[in-house]
Structure formats: C-alpha cells, structure tokens
Amino acid sequence: MKVDLSYVDKSISSEQYLELMESLVNEEKSTGQNQTEAYPNYTKLNAQRMRRIMKTASLSERTIGLLSDITESQHWFVLTESWCGDAANSIPFFIKMETVNPLIKLHFLLRDENLELMDQYLTNGGRSVPKVIATDQAGNHLGDWGPRPLEAQRIYDDWRNSEVRAPYQEIQITLQKWYNQDKGRSLQYEWTNELKSLQSMLKWDRL
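Read on for an overview of the structure. (Residues numbered from 1 in each chain as written. Predicted model: local features only at pLDDT ≥ 70, side-chain atom pairs only at ≥ 80, totals over all residues. Heavy atoms only, no water.)

Moving on, we come to unusual backbone geometry. Cis geometry is found at the peptide bond from Val129 to Pro130, where omega equals 5 degrees. Within the secondary structure, Pro130 sits in the loop between α6 (115-118) and β3 (131-136). In this structure, Pro147 follows Gly146 across a cis peptide bond, with omega equal to 10 degrees. Position of Pro147 among the secondary structure elements: in the loop between β4 (141-145) and α7 (150-160). (Helix = DSSP H or I, 4+ residues; strand = E, 2+ residues; numbered from the N terminus.)

Next up on the list: the packing of aromatic side chains. Throughout the structure, instances matching the rule amount to 10 aromatic pairs. Between Tyr17 and Phe108, the ring centres sit 4.6 Å apart and the planes meet at 10 degrees, which makes this aromatic pair stacked. You can see Tyr17 sitting in helix α2 (residues 14-27) and its partner Phe108 sitting in strand β2 (residues 104-110), a full 91 residues away along the chain. With relative accessibility at 3%, the residue Phe108 sits in the buried group. On the basis of an interplanar angle of 80 degrees and a centroid distance of 5.5 Å, the ring pair of Tyr39 and Trp83 is categorised as edge-to-face. Of this pair, Tyr39 sits in helix α3 (residues 38-56) while Trp83 is found in the loop between β1 (74-80) and α5 (85-98), placing the two residues 44 residues apart along the sequence. Among the aromatic residues, those joined into a cluster by ring pairs are Trp76, Phe94, Trp145 and Trp191. Lying across the ring of Tyr7, Lys10 places its NZ or CZ 4.6 Å from the centre. The ring of Tyr156 has Arg148 lying over it, and the distance from NZ or CZ to the ring centre is 4.3 Å. (Phe/Tyr/Trp six-rings, centres within 6.5 Å; stacked < 30°, edge-to-face > 60°. Buried < 20%, exposed > 50% of the residue type's maximum accessible area, 1.4 Å probe, protein only. Lys NZ or Arg CZ within 6 Å of the ring centre and 35° of its normal.)

Glancing now at helix α8 (residues 168-182). For α8, which comprises 15 residues, the first-to-last C-alpha distance of 21 Å matches the rise-based estimate of 21 Å (1.5 Å per residue) to within 8%. Among all positions of α8, only Ile171, Leu175, Gln176, Trp178, Tyr179 and Asp182 are buried. Projection of α8 onto a plane perpendicular to its axis shows the buried side chains occupying an angular sector of 160 degrees, all on one side. For α8, exposure combined with an orientation more than 90 degrees from the buried face picks out Lys177 and Gln181. Following α8 by one or two positions, Lys183 adopts a phi angle in the positive range, close to 55 degrees. (Expected span 1.5 Å × (residues − 1). Arc of directions from axis to C-beta.)

Interhelical geometry of helix α4 (residues 61-68) versus helix α9 (residues 185-196) gives an angle of 25 degrees and a closest axis separation of 10 Å. If you check the angle between α4 and α9, you find them roughly parallel. Seen from above, α4 lies across α9 with left-handed handedness. The segment α4 lies against α9, with Arg62, Thr63 and Leu66 engaging Gln188, Tyr189, Thr192, Asn193 and Lys196. Taken together, the residues that form the contact of α4 with α9 break down as two nonpolar, four polar and two charged. (Axes fitted to C-alpha atoms, helices over the stretch in contact; angles between N-to-C directions. Parallel < 35°, antiparallel > 145°, perpendicular 65-115°, else oblique. Left-handed = near helix turned anticlockwise from the far one by under 90°. Contact = heavy atoms within 4.5 Å. Nonpolar A, V, L, I, M, F, W, Y, C, P; charged D, E, K, R; others polar.)

Read these as geometric descriptors, not functional statements.
Okay, structure coming up:
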C-alpha cells in the first residue's frame with residue numbers, strides 16, 4: 001500500500017493544528033460537515049483537554065529510544081476532526097513523539113476533506129478517527145494506528161454490541177476515565193510495536 005505524497009501539501013503541521021483548535025474555540029466553530037451546537041462544544045472541551053495533556057504527558061524511555069533510532073525520513077499522516085474526543089486524548093502524544101527525532105514529520109488532515117484517503121483505513125467499515133498512517137519518504141506504508149488503543153476499543157465495542165446499549169454520554173465518560181488512568185502508555189506501546197514490526201524497512205540500528 002502507498003500513500004499519495006500530494007497529501008503532504010494538503011496537510012498542516014502540528015503547530016498549525018494546535019493553532020486551528022484555538023481559532024475554532026474562539027470562533028465557536030468545529031471542523032467537519034456537522035456544525036450543530038454540540039460539535040463546537042466538543043471542540044472547546046477537546047482543546048482544553050489537549051492543552052492539559054501537552055503540559056502533563058510524558059513519553060516512556062522505550063518510546064524515546066525506539067524513535068531515536070529511526071534513521072530514514074518518515075511521514076506520519078494524522079486523519080482527525082476537532083470534535084473527536086479520542087483524537088484529543090491521542091494527538092498530544094504523537095506531537096511529543098515528533099519532537100524526539102527530526103526525521104519524523106506529522107501531517108494533519110481533516111477527515112471530511114480527505115475521504116479518499118480515509119476510506120483506505122476504515123475501522124469495522126466506519127470512518128473512525130483519529131487514524132495515524134506512517135510512510136517512508138516515498139509514501140510506502142509502514143504502519144497505521146487508531147482510532148483508539150486496543151483496550152479502549154474493546155470497551156467501545158462491548159458498548160456498541162450490547163443488546164441494551166447505554167446512552168452514548170455514558171460510554172464517553174467511561175472512555176475518558178480509561179484515558180485518564182492509562183496516561184498514553186497503551187498508545188505508545190502499540191504504536192512503537194506497529195513500527196517495530198517493520199524493522200527491516202525502517203532500518204533501525206538497535207531493537
């Protein structure tokens with residue numbers, strides 16, 4: 001699988017994405033096609049959550065070591081929307097990972113404006129975000145992750161498949177509690193394992 005590198009030109013940087021979140025809050029807007037009242041509120045909550053995580057989150061020594069050993073340029077495409085709670089809990093960790101190695105470049109793309117790429121990375125047939133896709137400098141697929149850590153996905157799937165489904169607000173609260181307790185550990189472990197499985201392509205020196 002290969003990602004068209006024209007998406008690099010369509011994307012925005014980590015700094016620009018954080019600026020976008022703040023501007024949306026100030027304008028009481030949201031990204032995406034749905035502009036009902038709830039979505040700007042989700043965006044505001046997510047911006048607050050991201051600010052907090054950016055200040056408090058830390059990367060494990062394992063994560064830092066593995067990312068430091070990358071010896072060739074990589075593109076990390078992040079498909080997301082401002083209203084997505086899972087994205088708010090995950091994106092700060094990817095931004096911090098980008099700072100570990102200058103060979104890693106994050107490229108943020110809004111899902112609803114890039115459906116052709118999104119539809120190549122569906123989750124159970126759905127356009128779930130965030131979705132992070134790593135490629136080499138030529139666009140060759142190296143790995144992908146999302147929309148949430150495996151344990152959080154199990155929690156969500158159990159809710160979705162339940163015969164008597166609780167209100168969506170309840171699963172949101174349950175998932176947020178899980179994220180608060182996990183502190184990004186599962187995401188880091190899963191993502192570095194995803195990349196590590198392609199060791200021969202990444203040409204890491206030590207694993």
